[in-house]
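# Architecture at a glance
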Amino acid sequence: MKFATKAIHAGVHPDPTTGAIMTPIYQTSTYVQDGVGNHKGYEYSRTQNPTRHALEKNIAAIENGKFGACFGSGLAAIDCVIKMLNPGDEVISTNDLYGGSYRIFRTIFEKYGIKFHFVNMQDVDAVAALVNENTKMIWVETPTNPMMNIIDIEAMAEISKAAGAMLCVDNTFATPYLQNPLDLGADMVMHSVTKYLGGHSDVVMGALVCSDENIANEMYRIQNSSGAVTAPMDSFLVLRGIKTLHLRVQRHCENGEKVARFLATHPKIDKVYWPGFESHPNHEVAKRQMRGFGGMISFTLKGNHLEDALNIVKKVEIFALAESLGGVESLIGHPATMTHASIPKEVREQSGVVESLIRLSVGVEDADDLIADLKQALA
Ligand SMILES: *Cc1c(COP(=O)(O)O)cnc(C)c1O
């Protein structure tokens, strides 16, 4: 089955008791058993819930994987992955990582004896140089936030396979419509479902997908043992959201391209970071591993003045000033004072998060209106 058909049909069946075409919200904690051990596959909703189960099968299908698991947030999904490791194990990750991922690695898991290395993953040799006999995981995020760097997933898979380590890819920015890490050699895919999969800024959720049965058994054991599961109502909302994922991401890509090209010609703008430009340093890798370039764009202003950036994020009328991304509505953010404020200025500026950097999550409104809004805010 092709993507659009799977997005709409995978994992879901008309309700056998009523024929309801939409998966019901099974708002129940427990399930009545006919006799001890004689049940219909559901015993307790931390372990299994039919609405969540349908969503887990759907997300696995659109990522071309066999097994899916949903969690109370993207970070709860990351928490599950790192709990597969043991004290003494080492993880290699990118130095341009989602702040919350960096925080859970450093402030939660380091004290349990897991060691994290952060490196520029566009430099494949630098990653290979960090591998040793304790390397058990490579953690990739691509495109990165907010600099829109692209990491070569196949190159990382080659290193992880040679090391006998697991490759996990945070595919939140790309979405399964544009990029499928399992097909490129990854062992595990992670999503902040909160963003494009949910797509309507009304749910916080995370997901994992894998195809290896041993990894899946660990994933489900930790999901049930740690208990950070998602709710039936939220599962229903995301099942509904994914039915239009392909349509939304197509429009995000179209609008993203129009906005990026507008910004690139504006006299007040210095740099525009969007992997669809031929001048983007990783454009060739992006073209190879992605089917489109998405609607996430960052840009800087000539002169690099903080006040100019703050003025623009205040003056926009359609773009809403907010954290998060991936919803139907366009958002604007200022990484240096918002998402990346907790990172020291020197460190932040080394990776490109300068005072005038502005990040856009281009939504699915009319592109002409979005461009007119940016034009008036920049004037
Ligand atoms: C938002 C985000 C997360 C964390 O997900 P939550 O649902 O907020 O817990 C992880 N990775 C990336 C790339 C994100 O954008």
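None of the values given here were measured: they were computed from a predicted structure.

### Digging into the layout of surface pockets
As a volume, the largest pocket reaches approximately 1200 Å³. The set of elements that each furnish at least two residues to the lining of the largest pocket consists of α3 (74–82), α4 (99–109), β6 (188–192) and α13 (345–350). Counting residues per element, the lining of the largest pocket draws most heavily on α4, which supplies seven residues. A per-class count over the lining of the largest pocket returns 18 nonpolar, 22 polar and nine charged. Per-domain counts for the lining of the largest pocket show at least three residues from each of domain 1 (11–242) and domain 2 (245–378). Space inside the second largest pocket adds up to approximately 490 Å³. In terms of lining residues, the second largest pocket is bounded by 19 residues, among which Asp 15, Pro 16, Tyr 26, Tyr 42 and Pro 50 are the most central. Residue composition of the lining of the second largest pocket, by class: 10 nonpolar, six polar and three charged.

### Describing the confidence of the model for the protein chain
The predicted structure's coordinates, where accompanied by low pLDDT, should not be read in detail. Of the residues in the protein chain, 100% reach a pLDDT of 70 or more, and the chain-wide mean stands at 96. Model confidence for the protein chain, summarised as mean pLDDT per element, is weakest for α13 at 85 and strongest for strand β7 (residues 206–210) at 99.

### Points about the packing of aromatic side chains
By the definition in use, this model includes seven aromatic pairs. A ring pair is formed by Tyr 102 and Phe 118, whose centres lie 4.9 Å apart and whose planes are at 50°; its orientation type is tilted. Residue Tyr 102 is located in helix α4, and its partner Phe 118 is located in strand β3 (residues 115–119); the two are separated by 16 residues in the primary sequence.

### Comments concerning the site of the ligand
Taken together, 13 residues surround the ligand, and among them Gly 74, Asp 170, Ser 192, Thr 194 and Lys 195 come closest. A distance of 2.7 Å separates a nitrogen atom of the ligand from a polar side-chain atom of Asp 170. The cavity that encloses the ligand is the largest pocket. Here the residues of the shell around the ligand sort into five nonpolar, five polar and three charged.

### A few points about the pairing of β3
When strand β2 (residues 90–94) meets β3, the two strands line up parallel, connected through five bridges. In the sheet register, Thr 94 faces β3, and the bridge partner there is Val 119. Remark: the β2/α4/β3 crossover connection has right-handed handedness.

### Examining the sheet that holds β7
The sheet built from seven strands is open, its strands ordered β1-β7-β6-β5-β4-β2-β3 with mixed pairing. Of all the strands in the sheet, just β1 (67–71) and β3 have a single pairing partner and so form its edges. Direction aside, the axes of adjacent strands within the sheet are offset by 20° on average. Helix α2 (residues 50–62) rests against β1 and β7 of the sheet, and its axis sits at about 125° to β1. Across the sheet, helix α8 (residues 213–226) touches β1, β5 (166–170), β6 and β7, and the angle it forms with β1 is around 20°.

### Considering the nonpolar core
Counting 35 residues, the largest nonpolar core has Leu 55, Ile 59 and Ile 242 as the members making the most contacts within it. Contributions of two or more residues to this core are made by α1 (3–9), α2, β7, α9 (232–242) and α10 (245–265). Mapped onto the domain boundaries, this core takes at least three residues apiece from domain 1 (11–242) and domain 2 (245–378). In this structure Ile 59 touches Cys 70, Val 193, Leu 197, Ala 207, Val 209 and Ile 242, once residues within four positions along its chain are discounted. Grouped together as the second largest cluster of nonpolar side chains are 31 residues, Ala 260, Phe 277, Ala 309 and Ala 377 included.

How each quantity is defined
- Residues numbered from 1 in each chain as written.
- Predicted model: local features only at pLDDT ≥ 70, side-chain atom pairs only at ≥ 80, totals over all residues.
- Heavy atoms only, no water.
- 1 Å grid on protein atoms, 1.4 Å probe; cavity = no way out; pocket = protein on both sides within 12 Å on 5 of 7 lines; lining within 4 Å.
- Points joined across faces, edges and corners; volume = space filled by probe spheres on them.
- Helix = DSSP H or I, 4+ residues; strand = E, 2+ residues; numbered from the N terminus.
- Nonpolar A, V, L, I, M, F, W, Y, C, P; charged D, E, K, R; others polar.
- Domains from an automatic or database assignment.
- pLDDT = per-residue confidence, 0-100.
- Phe/Tyr/Trp six-rings, centres within 6.5 Å; stacked < 30°, edge-to-face > 60°.
- Near = heavy atom within 4 Å.
- Polar contact = N/O pair within 3.5 Å; in protein donor to acceptor, adjacent residues only side chain to side chain.
- Sits in = over half its atoms within 2 Å of the grid points.
- Pairing = 2+ DSSP bridges.
- Right-handed = clockwise from strand over helix to strand, strands pointing away.
- Axes fitted to C-alpha atoms, helices over the stretch in contact; angles between N-to-C directions.
- Contact = heavy atoms within 4.5 Å.
- Core = buried A, V, L, I, M, F, W, Y, C linked by side-chain atoms within 4.5 Å.
- Buried < 20%, exposed > 50% of the residue type's maximum accessible area, 1.4 Å probe, protein only.

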